[in-house]
Amino acid sequence: MKNEHVSSLLADYIDGTLSPNETASVKKHLAGCADCREELRFLKAYAQKAAAFPSVPVPDDFLEKIHSRIDAPAPPGILGKLFYPLRIKLPLEAAGALALTVLAVFIFGPFDDKKLEYHAETPAAEEKAAGTLKEAEAPGSSREDILARNAVRARTDEASPRKKTAADTGRITVANGAVSAKAASAEDSSGGEPPVEFSLVLKPAHIEGASGSKDSRQGTSPSISQKGAYSTRSEMAATDYARSNDLTATNQGGVDVIVNLAGALDGRVVKIADADPSGSRGFVIIEIPARNYSQFMAGIRGAWSIQKQTPSAPPALTGRIRLTMTLQD
Amino acid sequence: MSRNDKTSHASQPDDEALIKEFLANNARAFDRLVVKHQSMVLNLCFRIIGDYDEANDCAQETFIKVYNNLKKFRFQSSFSTWLYRIAINTCRNRLASSDNRRKKKTVRIDNPSDVDGETLDINDCSFNPVAVFEKNEDSLLIHKAISSLPDELRVLVVLRDLEGKSYEEISDMTGVNLGTVKSRLARARHILRESLREVFA
């Protein structure tokens, strides 16, 4: 015990609340420990003076002030202080609903740029998807135009139902699941590089019924009858559309097929010259994203036979290409 | 054992009777409860907080809480213990408030010139507590030493050394377990010994 000071027991030793064994141990330790004896002297003096600690008087108006405080209206809380000037009472439920709303805004972010872009495109996309766009309301657009777009979109949605939301927003989702046409367009146009020039010589095709095929066609793209060989579902959709509607170049929609496909594949028509509705003689210049080249080529095969392609190799998948199509009889 | 403690124990049955009268819509019973315990509560607050006006405000707040919560009193503990508990919590809240921390630097009961080496202003209060310690300078020094203790130690020292409460009562009143009460008190006394060494030399 000599090496273990008993300072923690000394207060109780003075009070006499230690057990006999503890008291004996403390006495034994004190006999040989000057530090603890000094501590004991301090505690005795401290206890003596603390017991004589004076009391402060109670103010005469103590009870009166308590009554006045009890009778006084309760001070407004934080919400009260905030809304008192407006005299708005905000119940707890309303505060909770407000907090949840703020939380939802933070989580779902309905006001970010992408969501705002979605809202801006929704009406046009919905009109196209529903097929309610009438010819009278869309001068310059033929029924085939609408059908072609819907066919491509329907195939796309079918191929990737999870991307329906993106498709609904007017973004044509490529079936291989990579990037939406809209996003691809943004990427393609952001580079600012001039489009790669391609030229085609086209001649009206003659498809016999819906099952007609042209195995002898030029180019690297698969034939219409070899559905399994199509690289994408939208490529199949474009071709099927042309077949099912028997849109050969001899029909009214010969040039429309090109124009509509360009539009459906996020491209644009640069120029149409000397081309009559039957598609005879003339040329059409379009620009499309390079990644959609093979889809475009497959799409026009329903209506056109490709006589010549320069260069013969397909373009790289980035950037845009400009296709100059010379139409022959 | 302080005289406050003796008083409260001796009048325990009266407390219960007064509470029952109050609950029977006798408002005067509350006044009698206040008058009976006001000195004990005010002195407890003063010893813990160290400032008379702050203590006066805390003591009033304590009785207002009693008034508002007396219907919830279940007579499972003595009214005195319940009252102590409310007063201690009120003082703790006051000590913890940033407002008090700000005032703490400017309000002292004693000569402020030797506190932290800064020149401090004495609060313009209705009563100068220095007068209480005029004839008892040692008590003033003890008060200063206790006031300089950390809050969690100060409450325990006040209850044990100035109010004369047992360890068990302190544990019950403060919610601190018995072993912690004892160890904290030992630590507090060690600090007090250091600060009062010259006084009791």
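Look up: the structure comes first, before these words.
Residues numbered from 1 in each chain as written. Chains lettered and ligands numbered in written order. Predicted model: local features only at pLDDT ≥ 70, side-chain atom pairs only at ≥ 80, totals over all residues. Heavy atoms only, no water.

Turning our attention to the nonpolar core. Formed by 77 residues in total, the largest nonpolar core has its most connected members in A:Y46, B:I48, B:L70, B:F79 and B:L192. With 12 residues, the top contributor of residues to this core is helix 3 (residues 27–49) of chain B. In this structure, A:F198, A:V257, A:I286 and A:M297 belong to the second largest nonpolar core, which totals 24 residues. (Core = buried A, V, L, I, M, F, W, Y, C linked by side-chain atoms within 4.5 Å. Buried < 20%, exposed > 50% of the residue type's maximum accessible area, 1.4 Å probe, protein only. Helix = DSSP H or I, 4+ residues; strand = E, 2+ residues; numbered from the N terminus.)

Next up on the list: unusual backbone geometry. A:P311 follows A:T310 through a cis peptide bond whose omega is -10 degrees. Locating A:P311 in the fold gives a position in the loop between strand 4 (304–310) and strand 5 (320–327). Backbone geometry places B:N25, a non-glycine residue, at a positive phi of 70 degrees. Turning to its location among the elements, B:N25 is positioned in the loop between helix 2 (12–23) and helix 3.

The next point concerns the sheet that holds strand 4 of chain A. Residue and element names in this part refer to chain A. What the five strands build is an open sheet, ordered 2-3-5-1-4; its pairing is mixed. With partners counted over all chains shown, the strands left at the sheet margins are strand 2 (268–273) and strand 4, one partner each. The average undirected angle you get between the axes of adjacent strands in this sheet is 20 degrees. As judged from the five bridges shared by strand 2 and strand 3 (residues 282–289), these two strands associate in the antiparallel manner. Opposite K271, over in strand 3, you have I285 as the bridge partner. Packing against the sheet, helix 12 (residues 254–264) makes contact with strand 1 (196–204), strand 2, strand 3, strand 4 and strand 5, and its axis sits at approximately 15 degrees to strand 3. (Pairing = 2+ DSSP bridges. Axes fitted to C-alpha atoms, helices over the stretch in contact; angles between N-to-C directions. Contact = heavy atoms within 4.5 Å.)

Before going further, it helps to examine the packing of helix 3 of chain B against helix 8 (residues 151–162) of chain B. Residue and element names in this part refer to chain B. At a minimum axis separation of 9 Å, helix 3 and helix 8 run at an interaxial angle of 130 degrees. In terms of orientation, helix 3 and helix 8 fall into the oblique class. Every pair of crossing elements has a handedness; the one defined by helix 3 and helix 8 is right-handed. Residues L44, R47, I48 and I49 of helix 3 form the contact with helix 8, whose own contacting residues are R154, V155, V158, L159 and L162. Taken together, the residues that form the contact of helix 3 with helix 8 break down as seven nonpolar, no polar and two charged. (Parallel < 35°, antiparallel > 145°, perpendicular 65-115°, else oblique. Left-handed = near helix turned anticlockwise from the far one by under 90°. Nonpolar A, V, L, I, M, F, W, Y, C, P; charged D, E, K, R; others polar.)

Let us look at the packing of helix 4 (residues 62–71) of chain A against helix 3 of chain B. One can describe the packing of helix 4 of chain A onto helix 3 of chain B by two numbers: an axis separation of 10 Å at closest approach and a directional angle of 130 degrees. Considered as vectors, helix 4 of chain A and helix 3 of chain B are oriented oblique to each other. Crossing hand, helix 4 of chain A versus helix 3 of chain B: right-handed. Only B:F30, B:D31, B:V34, B:V35 and B:Q38 of helix 3 of chain B make contact with helix 4 of chain A, whose side of the interface consists of A:F62, A:L63, A:I66, A:H67 and A:I70.

Glancing now at the environment of A:P315. All names here are of chain A. As for its placement among the helices and strands, P315 is situated in the loop between strand 4 and strand 5. Along the chain, P315 and N292 lie 23 residues apart, while their C-alpha atoms are 9.9 Å from each other. Those residues in contact with P315 that sit more than four places away from it in its chain are F198, A290, Y293 and I321.

Residues and elements named next belong to chain B. Compared with the 16 Å implied by 1.5 Å per residue over 12 residues, the 15 Å span of helix 8 between its first and last C-alpha is a close match. Within helix 8, 10 of the 12 residues are buried, leaving the element largely enclosed by the surrounding structure. Taken together, the buried positions of helix 8 are occupied by L153, R154, V155, L156, V157, V158, L159, R160, D161 and L162. Immediately downstream of helix 8, the backbone of G164 shows phi near 70 degrees, a positive value. (Expected span 1.5 Å × (residues − 1).)

To continue, consider the pairing of strand 1 of chain A. Each regular strand carries side chains that alternate between the two faces of the sheet. Residues and elements named next belong to chain A. As paired strands, strand 1 and strand 5 are joined by seven bridges and run parallel to one another. Directly across from L202, in strand 5, lies its bridge partner L327. Bridge count for strand 1 against strand 4 is six bridges, and the pairing is antiparallel. When the bridges of strand 4 are listed, L202 appears paired with I306.

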